[in-house]
Amino acid sequence: MDAFKRLTELSDRVLGINRRNLEFIYPNNPREAYALADDKWLTKQRLHTRNIPTPDTYAVIETMGELEARWEQTARYPELVIKPANGSGGGGILLLTKDTAGIWRNISGKCIKPAVIRNHIANILFGVFSFGNTDKAIIESRVVQHSVFREIYPDGVADLRMINHRGILLMAMLRIPTIKSAGRANLHQGALGVGIDLDTGRMTDGFLKHRYYTVHPDTGVQFTGTAVPYWKKVKWISQQTYDAFPFQYLGIDIVIDQNLGPLVMEINLRPGLEIQNVNKKGLLHRVREKNGGEAGPDED
Amino acid sequence: MYHSVKQYLTVERVTVGVLMIAAFVLIALKFELWGYSFRKILPKSGYEVHYVFHLEGFEEAVNVRAYLPLSNKHQTITNEVNRSGAFNLKIDQTGSGREATWQNPSSTGDQMIRYSFRYLGKAQQYRLDSTLVIAGNYPPGFADYLAATPNIQVNHPFIEQIFQRYVGETTNAVEALQSIYEYTHSLEPRPFKGLTDALTAARLGEGSCNGKSRLFVALARKAGIPTRLVGGLILEPGRKKTSHQWVEAYAGGYWIPFDPLNGHFASLPSNYMELYRGDRFLFTHTANINFDYLFNIEKHLVANPSLVNELRFHPFNAYVAWQAFETIGIPLSLLKIIIMLPLGALIVAIFRNVIGLQTYGVFLPALIAVASRETGLFWGLLAYLMVVSIVGLIHYPLEKWGILYTPKMAIMLVGVVIAFMTLSIFGIRYNLQTVAYVTLFPIVLMTITAERFARTITEEGLRKAIQLTSQTMVVVAAAYFVMNSRTMETFFLAFPELFLVIIAINLILGRWIGLRITEYPRFRWLLR
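The structure reproduced in this document is the subject of the present report.

Here we come to the side chain of His264 of chain B. Residues and elements named next belong to chain B. Considering the arrangement of structural elements, one finds His264 in strand S12 (residues 264-265). One polar contact links His264 to Tyr272, side chain to side chain, over a distance of 3.5 Å. Apart from the residues within four sequence positions on either side, His264 is in contact with Tyr181, Pro257, Phe258, Asp259, Pro269 and Tyr272.

Here the focus is the interface of chain A and chain B. Listed as interface residues are 40 residues of chain A and, on the opposing side, 26 residues of chain B. Summed over both partners, the interface of chain A with chain B buries about 3000 Å², with 60% contributed by carbon and sulfur atoms. Its largest share of buried area at the contact with chain B, chain A owes to Leu10, Asn18 and Leu22 of chain A, together 20% of the area lost on that side. For the interface between chain A and chain B, the tally reads 1 salt bridge. In this structure, Arg522 of chain B and Glu274 of chain A form a salt bridge, with 2.7 Å as the shortest nitrogen-oxygen distance. The interface formed by chain A and chain B contains 6 residue pairs in polar contact (both at pLDDT 80 or more). Listing elements by their share of the side of chain A that touches chain B, those giving two or more residues are helix H1 (2-13), helix H2 (17-25), helix H6 (114-126), strand S10 (211-213) and helix H9 (275-279) of chain A. Residue classes in the side of chain A that touches chain B are distributed as 14 nonpolar, 13 polar and 13 charged.

All names here are of chain B. Interhelical geometry of helix H3 (residues 157-166) versus helix H6 (residues 209-222) gives an angle of 75° and a closest axis separation of 10 Å. By the angle between their directions, the pair H3 and H6 is classed as roughly perpendicular. Across the interface between the two elements, Ile159, Glu160, Ile162 and Phe163 from H3 touch Leu215, Ala218, Leu219 and Lys222 from H6. Per-class residue counts for the contact of H3 with H6 are 6 nonpolar, no polar and 2 charged.

Turning to the pattern of salt bridges, a few remarks are in order. Residues and elements named next belong to chain A. Within the structure shown, the criterion is met by 34 salt bridges over all chains. The residue Glu289 makes a salt bridge to Lys281 at a minimum N-O spacing of 2.8 Å. Because the salt bridges share partners, they merge into one network encompassing Asp159, Arg161, Arg175 and Asp253.

Backbone-to-backbone hydrogen bonds pair the strands of a sheet. The strands run either parallel or antiparallel. Residues and elements named next belong to chain A. On the basis of which strands lie adjacent, the open sheet formed by 5 strands has the order S1-S5-S2-S3-S4 and antiparallel pairing. A strand with exactly one partner marks an edge of an open sheet, and here the two such strands are strand S1 (57-61) and strand S4 (104-105). In terms of strand pairing, strand S2 (residues 79-84) meets strand S3 (residues 94-98) through 4 bridges, oriented antiparallel. Note that in S3 the partner of Glu79 across the bridge is Thr97. Across the sheet, helix H5 (residues 64-74) touches S1, S2, S3, S4 and strand S5 (137-140), and the angle it forms with S1 is around 170°.

Glancing now at the environment of Met412 of chain B. All names here are of chain B. Considering the arrangement of structural elements, one finds Met412 in helix H12 (residues 405-429). Residue Met412 is classed as buried on the basis of its relative accessible area, which comes to 0%. Between the C-alpha atoms of Met412 and Leu33, which are 379 residues apart in sequence, the distance is 55 Å. Beyond its immediate chain neighbours, meaning those up to four positions away, Met412 contacts Val391, Ile394, His395, Leu398, Thr447 and Glu451.

On to a nonpolar patch on the surface, then. All names here are of chain B. On the surface, a cluster of nonpolar side chains totalling about 660 Å² of accessible area is made up of Met20, Ile21, Phe24, Val25, Leu29, Leu33 and Ile508. The biggest single contributor to the nonpolar patch is helix H1 (residues 2-33), with 6 residues. Note on Val25: relative accessible area 41%, which makes it partly exposed.

What counts, and where the lines are drawn
Residues numbered from 1 in each chain as written. Chains lettered and ligands numbered in written order. Predicted model: local features only at pLDDT ≥ 70, side-chain atom pairs only at ≥ 80, totals over all residues. Heavy atoms only, no water. Helix = DSSP H or I, 4+ residues; strand = E, 2+ residues; numbered from the N terminus. Polar contact = N/O pair within 3.5 Å; in protein donor to acceptor, adjacent residues only side chain to side chain. Contact = heavy atoms within 4.5 Å. Buried area = accessible area lost by both parts, 1.4 Å probe. Salt bridge = Lys/Arg side-chain N within 4 Å of Asp/Glu carboxyl O. Nonpolar A, V, L, I, M, F, W, Y, C, P; charged D, E, K, R; others polar. Axes fitted to C-alpha atoms, helices over the stretch in contact; angles between N-to-C directions. Parallel < 35°, antiparallel > 145°, perpendicular 65-115°, else oblique. Pairing = 2+ DSSP bridges. Buried < 20%, exposed > 50% of the residue type's maximum accessible area, 1.4 Å probe, protein only. Patch = residues over 30% accessible without salt bridge, like charges linked within 9 Å, V, L, I, M, F, W, Y side chains within 5 Å. Areas by Shrake-Rupley, 256 points an atom, 1.4 Å probe, with all protein chains shown as cover.

Structure follows, in structure tokens:
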């Protein structure tokens, strides 16, 4: 009986995939607007026009014909990122830094010849990273990891996931890369998820592979209790982003640049549910708190 | 908005209700108006019987002769398959039964002859008219059924003595048969496998099936009732070497079965397979070989053949399609596949949305399950694993060279096709005919989802990829067992309106917002 009560309690608090799809995604996110989130260039365009901070776009290459000219025009920047507009799981992202001799190098310091870069862009256009559909290549500024995060783990860029439902920030987590995630801030790929106290912006415990942590498992640096820099601005930007799009349930991914502060990287219409384990709190429970006892959608 | 959501739910609930009721009404109508009954609809339990003969010859002509069963009102024989390698098979219809002869002009080394078929039997029970008189004159040719033979010593004095003591002179056929049956049945049963004649059985007061049967025949013939031995097999799952003999006595114009060993009076159980009539051997072979044999018997369910015949003229059942398919020569197995696919898809939907297993491809598990009908589940899963590993191996270099998606898929498809052809040829060469059916698998779909397996490895690690693959295989197995159930098959063939129920269940599943079972352990952290 007790076990049954506990299970009922769990299903009262936790948002599962079925309910997420039926009550949060389908009624709130119009299908015909999905492209705004799936195509990162469309997302960025809208962010740019609303003056919501996001990495500078140096160039967008849509056809082979404009590859040469656009690349030449962006090659003057000392650092840049090349990524597919419709990529998934971090595939096809190339980070480049120009050394003092003017030679492009990737994150591990390996020399990358211009021909290789052009070939990579061509691959993006042909859809190698987007299931055979032709794609656009976005060339944008490179984010400098904020020192607060760099101290916890030196490589890659940590990233905040904010879940906004009907204008209310439901939950937030920080995703910190690990050795296993190889610099990527994706929980599926082994990044550490860290809960965030929404009021103070302080990090709570981290969750990875069925365990909670207060220190980073690879570096041993404690993060629990550390404040996320620019937290107020992060919340404000996330709200601005919510207002800029015709969606009412979305995940907003924000990184924090050492010099520029919070930058919106992308938005996600099917945000994952693991954030509940990370924050030790059910999304349904959270919605109910906010709505004063009533669960589910109740707009009029 | 909340109001309209509620309204929408009502519409959907009404739809579910209407579908369920429509299905129920149609099924009820069939029972009420068209004389359906569960006994007719439920599949019959039949057997798949394999004769397996091992021979070792030495460069000489060899032949082996055995009786094959014949379809009659007691038994239906279908799907006969001969696999005898270098041996030629010749089948002759003789007075005693269907005689198969396998011949090989020069047989050397180990050889195997296999013959298999499906058997569906019907139990028989005769009610004897107690006033039946032993007739004096019988149709021509019945003299043999009354005659003495070396092993059925009708006229021996001891048999005469036994006859007087246990049967006595009577003109009532049923009384005589009753006494003979009771006497022979009361003899001590003995598990001897060799031949026992009537006299020996009588003298020892005990007997095996053939001893008791011969004694029964001897006494019945003495009473003037035409009687003959019947040879056959008692079918039960497993391997066996023992055949069985019982008798048939001619009374009231019918051959009535009796089994004095196992106690069947004027009745024959459904699993008694008749093979021959008369005092014969089930098989014989030339003496120049080492010979061993066994009968391998598997139980399996088949659609009631009389139902198929009867229902094809009734409206609203898939047997109508059955007949149409038959007329234009489309294999019936295709019809069964099509009919069972929605059920398989429902199983997948339950596993994904209620249990919460993840699978590669939405309906791939159902398609693999249905394709495994011919190969068996083991080979089906093995074929799937094979595709996954081949694609995984090919994917690696192609991904590294940055090959575009569509050409990459095309190359993988070539790899999979080659592997399947090889497996088919291997199957045929090594006498694993069922394996050759792997070519029926949805190769393209398997390749596409296997590519996603390969991508999962790069994106989320090998562990996750293996986890997804094994969950896919679990769902394949579940779908296999449900879709290959003969009971389900006959139900869907007889009541295609069950499709409405499937739609209704899917509608309910599609609006179900509960936690999936696997989400309980996943979010157990929230309980503390």
